[in-house]
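Structural overview
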Amino acid sequence: MDEKLKKNVVIIGAGPAGLTAAFELLKSSNFNVQILEKDSVVGGLSKTLEYKKCKFDIGPHHFITESEKINKWWHDVMEEERIYGNDFIQLSRFTRIYYKNHLFHYPLQPLNVLRGLSIFECIRCILSYLKIRMFPIKNVSSFQDWVTNRFGHRLFSIFFKTYTEKVWGISCKEISADWAAQRIKRFSLSSAIFYAFFGRWFKKNVPRTLNDKFFYPSFGAGTLWNKVCRKIYQDYGGKIALNQNVVRIKHKNFKIKSLLTYNSSDKANDERNLTEHFGDYFLSSMPLKDLILRLDPLPGKMIVNAAKKLCYRALITVNLIVNKKNICPDHWLYIHEKEVMMGRIGNMNNFSMYMVDDDNHTGLSLEYFTYEHDVLWKMSDDKILEIGKAELQKMGLVKSEDIIDGMILREGYAYPVYDANYQDHLRIILDYLNNFSNLKLMGRNGLHQYNNMDLAMISAIQSVEDIIKNEELILSNQFVKNEKHDLVV
Ligand SMILES: Cc1cc2nc3c(=O)[nH]c(=O)nc-3n(C[C@H](O)[C@H](O)[C@H](O)COP(=O)(O)OP(=O)(O)OC[C@H]3O[C@@H](n4cnc5c(N)ncnc54)[C@H](O)[C@@H]3O)c2cc1C
């Protein structure tokens with residue numbers, strides 16, 4: 001297409017959603033694309049960082065999807081990486097729950113549960129399950145109600161309550177039932193038992209929560225996104241500007257006019273030194289709360305207040321290099337123990353042996369869920385490292401003296417929180433933003449949806465399709481106009 005006719009699209013964020021949108025727009029060759037990313041690397045929450053020749057995701061990211069299209073997309077990208085030894089490995093998920101010094105298989109396996117819990121506890125679980133089957137909770141509004149109805153109160157309190165409250169930092173009674181419905185879907189105690197015994201004959205119907213196969217790039221999840229980024233600028237001439245924090249969004253008559261960024265790597269830089277970016281279309285994967293609060297002019301009080309009420313759970317990962325092999329065979333260990341603060345451990349070695357520098361070393365990523373206003377978030381990296389080491393030792397998993405080195409990563413916007421009223425706030429915000437003719441929202445925080453990579457990508461592809469359709473409509477209207485004009489002449 002003639003360069004002059006191409007439309008300019010500006011994308012906020014170079015995470016999976018932003019990169020997917022850019023890639024899809026450029027493939028159609030009718031657009032100039034620029035991504036503005038506040039971080040110094042691409043990949044967003046799905047990036048992989050290197051420390052002392054060991055690689056760590058922000059919590060290991062597995063590639064799993066029910067969408068054939070996304071699966072093919074990932075494989076096509078990774079196909080070109082194979083020549084560099086970066087394979088897309090297929091793995092079988094192995095995950096357990098650490099509770100009271102026992103390791104329980106996840107998804108739950110009846111015999112393993114029987115072995116780990118006392119016979120007395122098992123009877124209590126069965127009785128509480130039978131009770132809830134006979135007298136289910138009628139008005140299911142919270143996560144607690146939803147899970148209790150499926151598993152009984154006893155199993156809920158052993159296998160769901162502590163971990164979920166660690167993740168969200170609020171009581172399970174205050175967490176919306178939506179979250180359980182989205183994450184646990186068709187999973188119930190009866191299906192857990194059924195698939196534990198007969199799963200091998202019904203592989204195709206296994207609910208996603210119980211699915212045990214996934215893919216992973218040998219050099220880390222983020223390497224897939226680095227490849228997409230290279231394709232965007234090398235193969236298609238797209239632009240990616242790093243360290244560009246979008247701080248102001250100028251708009252008029254429900255149309256975005258421009259975005260203003262400041263260089264987040266330049267400490268001396270301030271609001272007076274902003275760069276302005278113009279475009280015909282704008283796609284945003286930045287957190288909805290920030291998007292609203294950075295609009296210039298600000299929208300009405302009701303919308304601003306709704307935005308202020310959206311919450312995000314932060315994540316600190318303690319990434320450790322351990323001088324030991326085969327610490328555990330698990331990909332993840334879910335820590336349901338109340339005595340420690342950590343919520344989950346990712347064992348990078350079990351995703352790929354290339355994640356560590358030496359066969360005798362193990363890379364562990366300990367996940368601590370927190371809020372940016374919490375004491376933990378405000379602690380120094382050194383203090384948090386010490387907490388991580390001490391907790392591993394306390395659980396009897398790794399001795400402190402075996403830990404060679406470690407580093408801390410912080411993500412302020414790791415999880416969009418589904419609290420009891422989030423839907424009301426979201427509705428107010430989306431009703432307002434839907435009026436904008438040239439703005440598309442996508443991704444996890446961009447839509448305030450607890451999306452994995454695949455769903456973030458699907459939302460990006462949908463936004464791109466909407467833009468392409470809109471352009472086709474404009475073109476066909478112009479064509480009709482010209483035809484009429486020709487007739488008159
Ligand atoms: C601990 C953890 C484990 C996970 N595990 C998995 C997994 O195993 N499998 C899976 O599929 N998914 C997993 N996910 C989810 C996955 O990380 C997300 O679904 C995915 O990264 C969402 O992509 P996104 O582009 O929407 O958002 P993000 O990855 O958050 O990217 C958004 C980008 O926008 C940038 N940005 C934000 N504000 C601005 C601004 N003002 N200006 C410029 N840029 C801005 C950010 O820096 C970021 O790069 C996990 C998430 C977490 C937290």
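Bear in mind that the values here come from a model prediction, so they are computed numbers and not experimental data.

**Overview of the packing of helix 2 (residues 68–79) against helix 9 (residues 221–235)**
For the pair helix 2 and helix 9, the least separation of the axes is 10 Å and the interaxial angle reads 75°. It follows from the interaxial angle that helix 2 and helix 9 lie roughly perpendicular. For the pair helix 2 and helix 9, the contacting residues are Trp74, Val77 and Met78 in the first and Leu224, Lys227 and Val228 in the second. By residue class, the composition of the contact of helix 2 with helix 9 is five nonpolar, no polar and one charged.

**Some details on the site of the ligand**
Not every one of the 35 residues close to the ligand is listed here, only the nearest: Gly13, Gly15, Gly44, Gly59 and Gly443. Secondary-structure elements contributing two or more residues to the shell around the ligand are helix 1 (16–27), strand 10 (244–252), helix 15 (444–447) and helix 16 (453–488). Residues lining the shell around the ligand come from more than one domain, with at least three contributed by each of domain 1 (3–45 + 67–88 + 218–310 + 420–474) and domain 3 (312–416).

**Quick notes on the sheet that holds strand 19 (residues 403–416)**
Read across the open sheet, the seven strands follow the order 7-6-16-17-18-15-19; overall the sheet is mixed. What marks the edges here is a single partner per strand, and that holds for strand 7 (102–106) and strand 19. Each adjacent strand pair in this sheet contributes to an overall mean axis angle of 25°, direction not counted. Docked against the sheet, helix 13 (residues 381–394) engages strand 15 (312–322), strand 18 (362–370) and strand 19, running at close to 105° with respect to strand 19.

**Considering helix 13**
With 14 residues, helix 13 ought to run about 20 Å at 1.5 Å a step, and its terminal C-alpha atoms sit 20 Å apart, in line with that. Buried within helix 13 are the following residues: Ile384, Leu385, Gly388, Lys389, Glu391 and Leu392. Take helix 13 and look down its axis: the buried residues cluster within an arc of 165°, on one side only. Every exposed residue of helix 13 that faces more than 90 degrees away from the buried side is listed here: Asp382, Lys383, Ala390 and Lys394. Buried residues along helix 13 sit against strand 15, strand 18 and strand 19.

**Some details on the pairing of strand 4 (residues 54–57)**
Where burial is concerned, the two faces of strand 4 agree: the one with Cys54 and Phe56 and the one with Lys55 and Asp57 are both buried. In this sheet, strand 4 lies alongside strand 3 (residues 48–51) in antiparallel orientation, the contact comprising four bridges. What sits directly across from Tyr51, in strand 4, is Cys54. Counting the residues that bridge the hairpin from strand 3 to strand 4 gives two residues, and of these Lys52 lies at a positive phi of roughly 45°.

**Digging into the sheet that holds strand 14 (residues 295–296)**
Hydrogen bonds between backbone groups are what pair the strands of a sheet, and the pairing can be parallel or antiparallel. Pairing is mixed across the open sheet formed by four strands, whose spatial order is 12-11-10-14. The two strands at the open ends of the sheet, each matched to only one other strand, are strand 12 (275–278) and strand 14.

**A closer look at the environment of Gly279**
Summarising the element assignment, Gly279 is placed in the loop between strand 12 and strand 13 (281–284). A residue is classified by how many C-beta atoms lie within 10 Å of it, and Gly279, with 20 of them, is buried. Sequence separation between Gly279 and Glu465 is 186 residues, and the spatial gap between their C-alpha atoms is 18 Å. Beyond its immediate stretch of four places on either side in the chain, Gly279 contacts Asn8, Val9 and Val10.

**Details of the pairing of strand 7**
Here strand 6 (residues 95–99) pairs with strand 7 via five bridges, running antiparallel. In the sheet register, Thr95 faces strand 7, and the bridge partner there is Tyr106. The turn joining strand 6 and strand 7, which pair antiparallel and follow one another in sequence, is formed by two residues; a positive phi near 45° is taken by Lys100.

**Describing the packing of helix 5 (residues 143–151) against helix 6 (residues 153–168)**
Closest axis-to-axis distance for the helix 5/helix 6 pair is 8 Å, and the angle between their directions is 140°. Judged on the interaxial angle alone, helix 6 and helix 5 are oblique. The crossing of helix 5 and helix 6 is right-handed. Within the contact between the two elements, helix 5 uses Phe143, Gln144, Val147, Thr148 and Phe151 and helix 6 uses His153, Leu155, Phe156, Phe160 and Thr164. Class assignment for the residues of the contact of helix 5 with helix 6 results in six nonpolar, four polar and no charged.

**Considering the nonpolar core**
In terms of nonpolar packing, the biggest core is built from 116 residues, with Ile11, Leu19, Ala21 and Ala22 touching the most fellow members. Tallying contributions element by element places strand 15 first for this core, with eight residues. Those residues in contact with Ile11, other than ones at most four positions away along the chain, are Gly18, Ala21, Ala22, Val33, Ile35 and Leu283.

**Points about the environment of Ala180**
Note on placement: Ala180 falls in helix 7 (residues 177–184). Classification of Ala180 by C-beta neighbours within 10 Å gives buried; the count is 24. Separated by 124 residues in the primary sequence, Ala180 and Val304 have C-alpha atoms spaced 28 Å apart.

Criteria and cut-off values
Residues numbered from 1 in each chain as written. Predicted model: local features only at pLDDT ≥ 70, side-chain atom pairs only at ≥ 80, totals over all residues. Axes fitted to C-alpha atoms, helices over the stretch in contact; angles between N-to-C directions. Helix = DSSP H or I, 4+ residues; strand = E, 2+ residues; numbered from the N terminus. Parallel < 35°, antiparallel > 145°, perpendicular 65-115°, else oblique. Contact = placed C-beta atoms within 7 Å. Nonpolar A, V, L, I, M, F, W, Y, C, P; charged D, E, K, R; others polar. Near = placed C-beta within 6 Å. Domains from an automatic or database assignment. Pairing = 2+ DSSP bridges. Expected span 1.5 Å × (residues − 1). Buried ≥ 20, exposed ≤ 12 C-beta atoms within 10 Å, placed from the backbone. Arc of directions from axis to C-beta. Left-handed = near helix turned anticlockwise from the far one by under 90°. Core = buried A, V, L, I, M, F, W, Y, C linked by C-beta atoms within 7 Å.

Geometry only, nothing functional implied.
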